[in-house]
Structure formats: structure tokens, C-alpha cells
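One-letter residues, chain by chain:
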Amino acid sequence: MKKKVLLLGVLFILFISVGCAQKEEGVEVERTETEKEFQIGMSFDSFVIERWQKDRDVFVSTAKELGAEVNVQNANGDLEEQIAQIEYFIDKKMDVIVIICIDSDGLGEVVQKAKNAGIKVIAYDRLIKNAGVDLYISFDNEMVGTMMGEGVVSRGDEVENVLMLGGPLTDNNVSLVERGFERMMREQGIYIIDKMHADGWKAELGAEYVYDHVDMVERADVIMCGNDDIATAVFRALSEKRLAGKIGIVGQDADLAACQRIVQGTQIMTVYKPVEKLAQKAAECAIALGKGEEVEAETTIDDGSFQVPYVALTPVSVYRENMDDVIINSGFHLKEDVYLNIPAGRDTEKDDKTSDSGNGHGN
């Protein structure tokens, strides 16, 4: 009898041990599967510019739908912080690193470090120079500048002088945009009376220029702003000087405040860059590259040392006349938000260019 009890006890202990082992093995398998999940590291310059939040949200959402996890970091405009973030991604053995760079010339070394570790690198929206990234995906930025130039020309023969208040030259896109814009000005015989570059895309520097150079500003028929964030700061400064609406403004990014000014008549146009398409395409390309698949690029671009595969999306000019078709119907902004400051029943298309010069100061 004692032997039977002892035998049953041994069998019971063995049963419990096997059960625990199976549970522990199950946990281990689960951890291994988690470790194998596709990982993307994404380092943003900052979120000061309105559009970057949309880029982030669409990219992360698309990547998750495709089975990837995205680790988003914000460098807050600090180059050394962005380098540290990329090194962190390298240490974490990310499959792909996507970079919205702060300084086009400042990341070549750390990008090479990532590539040496077998990690694919994508330059998102802004080219990283002398780095040989695996892919550069952006909009045709020279075309953006050309479109802004066309916006200036649309004012007619009254335009003789323009002022350029652009972004920082550390952003490679700025030079490309200015190339397209300046070519258009030369072709039309329009004189560029001065240029300013706002370090770190700080919009307040645009406003400071208006306050500090009133005589120069008053000579301008149109001010070309590097983006709509700068345009908003410039518009507010012009409003204080009672020049809003008298001096035209062109910008890019189709920020809500800019779209509101366009329908009011205090900004000529903006350039809409469909960031949803850019972010979706970038997420798809990131996963394909990380899995060793081919990514079709329409062309290449010279980063100073390498010919980099380049996926270029097409921007769209936005005026009052096509606001609904381009911005509202695409869902980029809601109609009630864009037309927030327009009195009910007013036909904006019949308004003349100067009728709104005293309105829209609430943007």
C-alpha cells in the first residue's frame, strides 16, 4: 500500500513538473515572437511645424497595419539629440531607421554607422547629405518653389518686388525650393529685394524681420514665406503695421491658418503636399527595405557623395478657387474650419483682392 502511495506521489510530482515546464516554454516562445516583431525607429526634427504630427500619425498607423512597431522620437531641434536617438536605434537593432533630419550635413557619420550595422535608413522629406541612405522620399521641392513663384506672378503686373523669408539652409529642401522660386522670378523680371533664413524654422524670426525692416517690407509687393508657420507670424506682424492684405503672401504646407487666410483674401496661395500619401508610401517602403525587397524609385538624387534612390511625390498649388477640391474634399481640413471667419452667405470668389485687407486678424 505504501509503495502505491509513493508511486502515485512521484507521478503527481512529475505531472506538475511537466506542466510547469510547458508553461515556461510557452512564455519563452511568446517572448521570442515579440523580439522578432518588425521594428522601425523614427526620429523627428521636432513637432513645431504643424504638418509633422500628421506625418507621424499616418506613418505609425500604416506601419502597424502592415505588422510593424514604430518607436517615435522627437529631437526638439537639437542635432546632438537626434544623433543620440539614431545611436539608440542602432543599439536596439531596429530593422529600419527613418529620419526627418535637423541638419542635412550633420548626420552622415551616424547614418553610416547604422548602415554598417545592417540597418536600412530612409531620409524622410529632407535629404541627408553625404550619407548614402537607402532611400530618400519627399516631394519635388524645386516644383514647390516654382508653384510659389507662380503664386506671386498670379497677382499680375502690379508685382515688381518680392521679399524672401525662408527656412534654414541646414534644411536641404530650402535651397531646392528657393532654386525653383528664384528661377521663376528671373523669368518674370521680378526683383528680389532681400532674403532672410529663419534658423530652426522659428516662425517668430519672420515677424522680427518685419518689425526690424519696415522700410524694406513696405517696398515688397509680395512676401515669399518658407512655410505657412512663418507666413502666420509674418501676417500678424503685417497686421500690426496695417499692411495685411496690401502685401501678398505665399507659403507652403497648407496649414489651417493659411487656408483661412486664402479664402479671406489675405494670403495668395499655399502649396499642399499630401502628407498622407507621403507617410503611407514611406511606411510601405520602410517595411519592404527592411525585408530585403526591392523598392522602385523613379529617379536618383545626388547627396554630394552618392546617387540615392529618390521617390518624389507631386505637390499641389492651392488658391481660393480650388480650396474645396484640394483641401476640403481630401479631408485635409474640415470645411467649417477653413471658412470659420467667413460671414455666412458671402461669395468669396467674387470678392476683390483688397476687400479683406482689414479682416482675418484672428488667425
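Scoring rules and cut-offs
- Residues numbered from 1 in each chain as written.
- Predicted model: local features only at pLDDT ≥ 70, side-chain atom pairs only at ≥ 80, totals over all residues.
- Heavy atoms only, no water.
- Pairing = 2+ DSSP bridges.
- Helix = DSSP H or I, 4+ residues; strand = E, 2+ residues; numbered from the N terminus.
- Buried < 20%, exposed > 50% of the residue type's maximum accessible area, 1.4 Å probe, protein only.
- Right-handed = clockwise from strand over helix to strand, strands pointing away.
- pLDDT = per-residue confidence, 0-100.
- Contact = heavy atoms within 4.5 Å.
- Polar contact = N/O pair within 3.5 Å; in protein donor to acceptor, adjacent residues only side chain to side chain.
- Core = buried A, V, L, I, M, F, W, Y, C linked by side-chain atoms within 4.5 Å.
- Axes fitted to C-alpha atoms, helices over the stretch in contact; angles between N-to-C directions.
- Salt bridge = Lys/Arg side-chain N within 4 Å of Asp/Glu carboxyl O.
- Phe/Tyr/Trp six-rings, centres within 6.5 Å; stacked < 30°, edge-to-face > 60°.
- Lys NZ or Arg CZ within 6 Å of the ring centre and 35° of its normal.

**Some remarks on the pairing of strand β11 (residues 299-302)**
Pairing analysis gives four bridges linking β11 to strand β12 (residues 307-313), with the strands arranged antiparallel. For Asp-302, the partnering residue across the bridge sits in β12 and is Gln-307. Following β11, the chain reverses through four residues before pairing antiparallel with β12; Gly-304 in that reversal takes a positive phi of roughly 110°.

**Observations concerning the pairing of strand β1 (residues 38-44)**
Taking burial as the measure, the seven residues of β1 include seven buried ones, the bulk of the element. With seven bridges joining them, β1 and strand β2 (residues 68-74) adopt parallel strand pairing. Note that in β2 the partner of Gly-41 across the bridge is Asn-71. The parallel pair β1 and β2 is bridged by helix α2 (residues 51-65), and the resulting crossover is right-handed. Pairing between β1 and strand β3 (residues 96-99): four bridges, direction parallel. Considered in β3, the bridge of Ile-40 is made with Val-96.

**A look at the confidence of the model for the chain**
Where the model shows low pLDDT, its predicted coordinates should not be examined in detail. Residues at a pLDDT of 70 or more form 85% of the chain, whose mean pLDDT is 87. Overall, residues 1-8 carries pLDDT values under 50, and its contacts beyond four positions in sequence, including any with other chains, amount to zero contacts. Predicted confidence for residues 10-35 stays below pLDDT 50, and this span has zero contacts to residues more than four positions away or in other chains.

**Comments concerning the environment of Glu-298**
Mapping Glu-298 onto the fold places it in the loop between α11 (275-290) and β11. Residues Glu-298 and Val-311, spaced 13 residues apart in sequence, show a C-alpha to C-alpha distance of 5.9 Å. Apart from the residues lying within four places of it in its own chain, the contact partners of Glu-298 are Tyr-310, Val-311 and Ala-312.

**Re the side chain of Gln-252**
Looking at where Gln-252 falls in the secondary structure, it is placed in the loop between β9 (248-250) and α10 (256-264). For Gln-252, the side chain forms a polar contact with the side chain of Lys-273, separated by 2.7 Å. Apart from residues no more than four positions distant in its own chain, Gln-252 is found in contact with Val-144, Met-148, Val-177, Gly-226, Asn-227, Asp-228, Thr-270, Val-271 and Lys-273.

**Brief notes about the nonpolar core**
Counting 59 residues, the largest nonpolar core has Ile-40, Phe-59, Val-98, Tyr-124, Val-217, Ile-223 and Leu-238 as the members making the most contacts within it. At nine residues, α11 tops the list of elements feeding residues into this core. If sequence neighbours within four positions are ignored, Val-98 has contacts with Ile-40, Gly-41, Met-42, Ser-43, Phe-59, Ile-122, Tyr-124 and Ala-286. Phe-89, Val-111, Leu-127 and Val-308 belong to the second-largest nonpolar core, a separate cluster that totals 23 residues.

**Focus on the sheet that holds strand β6 (residues 161-166)**
Either a parallel or an antiparallel arrangement is found when strands of a sheet pair, and the pairing is made through backbone hydrogen bonds. Overall, parallel pairing links the four strands, which are arranged β7-β6-β8-β9 in an open sheet. Of all the strands in the sheet, just β7 (191-197) and β9 have a single pairing partner and so form its edges. Each neighbouring strand pair of the sheet contributes to a mean axis angle of 20°, computed without reference to strand direction. Inspection of the sheet shows β6 paired to strand β8 (residues 222-225) by four bridges, in the parallel sense. From the neighbouring strand, Met-164 faces β8, where its bridge partner is Met-224. Along the sheet face, helix α6 (residues 172-188) touches β6, β7 and β8 and points at about 170° away from the line of β7.

**Observations concerning the sheet that holds β12**
Spatial ordering of the open sheet is given by β2-β1-β3-β4-β5-β12-β11, a layout of seven strands whose pairing is mixed. Whereas interior strands pair on both sides, the edge strands pair on one side only; in this sheet they are β2 and β11. Adjacent strand axes in the sheet meet at a mean angle of 25° when their direction is disregarded.

**Section: the pattern of salt bridges**
Tallying each qualifying case throughout the model produces 15 salt bridges. The partner of Asp-45 in a salt bridge is Arg-126, with the nearest N and O atoms 2.7 Å apart. Of this pair, Asp-45 sits in the loop between β1 and α2 while Arg-126 is found in the loop between β4 (120-124) and β5 (135-139), placing the two residues 81 residues apart along the sequence. Classification of Asp-45 as buried rests on a relative accessible area of 7%. Its relative accessible area of 2% is what places Arg-126 among the buried residues. A salt bridge links Arg-51 to Asp-125; the shortest N-O distance between them is 3.4 Å.

**Focus on the side chain of Arg-51**
When you line up the elements, Arg-51 lands in helix α2. Setting aside anything within four residues of it in sequence, one finds Arg-51 in contact with Tyr-124, Asp-125, Phe-139, Asp-253, Lys-273, Val-275 and Leu-278.

**Side note on the packing of aromatic side chains**
Within this structure, the stated rule accounts for five aromatic pairs. Chaining the aromatic ring pairs together yields one cluster made of Phe-44, Phe-47 and Trp-52. Above the face of the Phe-332 ring, Lys-54 is positioned so that its terminal group lies 3.6 Å from the ring centre. The aromatic ring of Phe-47 is capped on one face by Arg-56, whose charged end is 4.8 Å from the ring centroid.

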